[in-house]
Amino acid sequence: MTKQMLNNVFTELTEASKEKKHPYRYFFMSSCGLNGHIRQRTMVLRDVIDGQFLQAYTDRRSKKMTHINEHNEVSLLFFNPETLTQITMVAYVEVEKDKEELQKKWETIPDYSKIDYIASDIPGTIIDNPNNIKYNDHGGNFTILYFIPEKIEILQIKRPNHIRASYEKTNFGWEGVYITP
């Protein structure tokens, strides 16, 4: 049964990467910043590769990239308010380095979304007015993040009993057990 729960999660995440209104489409990523401070931000799930690697986009100049370069282990949190299901993951992040792959993906992004990656100023720069942001016309700040989960916990809040399962990646795939909620 734990195997089925995990399979269902990856199926749901795959659907979320394609359906804009899916509850798992937006997730939270926490990283350890400089000086040990935990930083959280909302990310958009863009793809699930090979049924288990998660993909998101970011501006390579963002503070999260500084954190990932310092320590590439992050925590991810997904929540579905309709089913009261929470998914947490400990994952390692790999950053796409292949310029051709980045360009290929950049060309598939709608123009209205490209604006998120072409601000002239570095994300987090103090500005006078949000309507006066300057933009460049290239995607040189765009990058792709790949999240490689190592641990996953699923909590389903339901009656009469909540269900919680924990999974760890091994050399033989995912090993899962039920744990007390």
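Scroll up to find the structure.
Residues numbered from 1 in each chain as written. Predicted model: local features only at pLDDT ≥ 70, side-chain atom pairs only at ≥ 80, totals over all residues. Heavy atoms only, no water.

Glancing now at the pattern of salt bridges. Applying the stated criterion across every chain yields a total of five salt bridges. Note that Arg61 and Asp59 form a salt bridge whose closest N and O atoms lie 2.9 Å from each other. Classification of Arg61 as partly exposed rests on a relative accessible area of 22%. A salt bridge links Lys114 to Asp111; the nearest nitrogen and oxygen atoms lie 3.9 Å apart. Note that Lys114 and Asp111 are positioned in helix 4 (residues 111-114) at a spacing of three residues, about one turn of the helix. (Salt bridge = Lys/Arg side-chain N within 4 Å of Asp/Glu carboxyl O. Buried < 20%, exposed > 50% of the residue type's maximum accessible area, 1.4 Å probe, protein only. Helix = DSSP H or I, 4+ residues; strand = E, 2+ residues; numbered from the N terminus.)

A separate point is the pairing of strand 7 (residues 142-156). Where strand 4 (residues 53-59) lies against strand 7, six bridges are found, and the strand directions are antiparallel. Counted as the bridge partner of Ala56 is Leu145 from strand 7. Pairing of strand 6 (residues 85-95) with strand 7, which is carried by eleven bridges, proceeds in the antiparallel orientation. From the neighbouring strand, Val93 faces strand 7, where its bridge partner is Phe147. (Pairing = 2+ DSSP bridges.)

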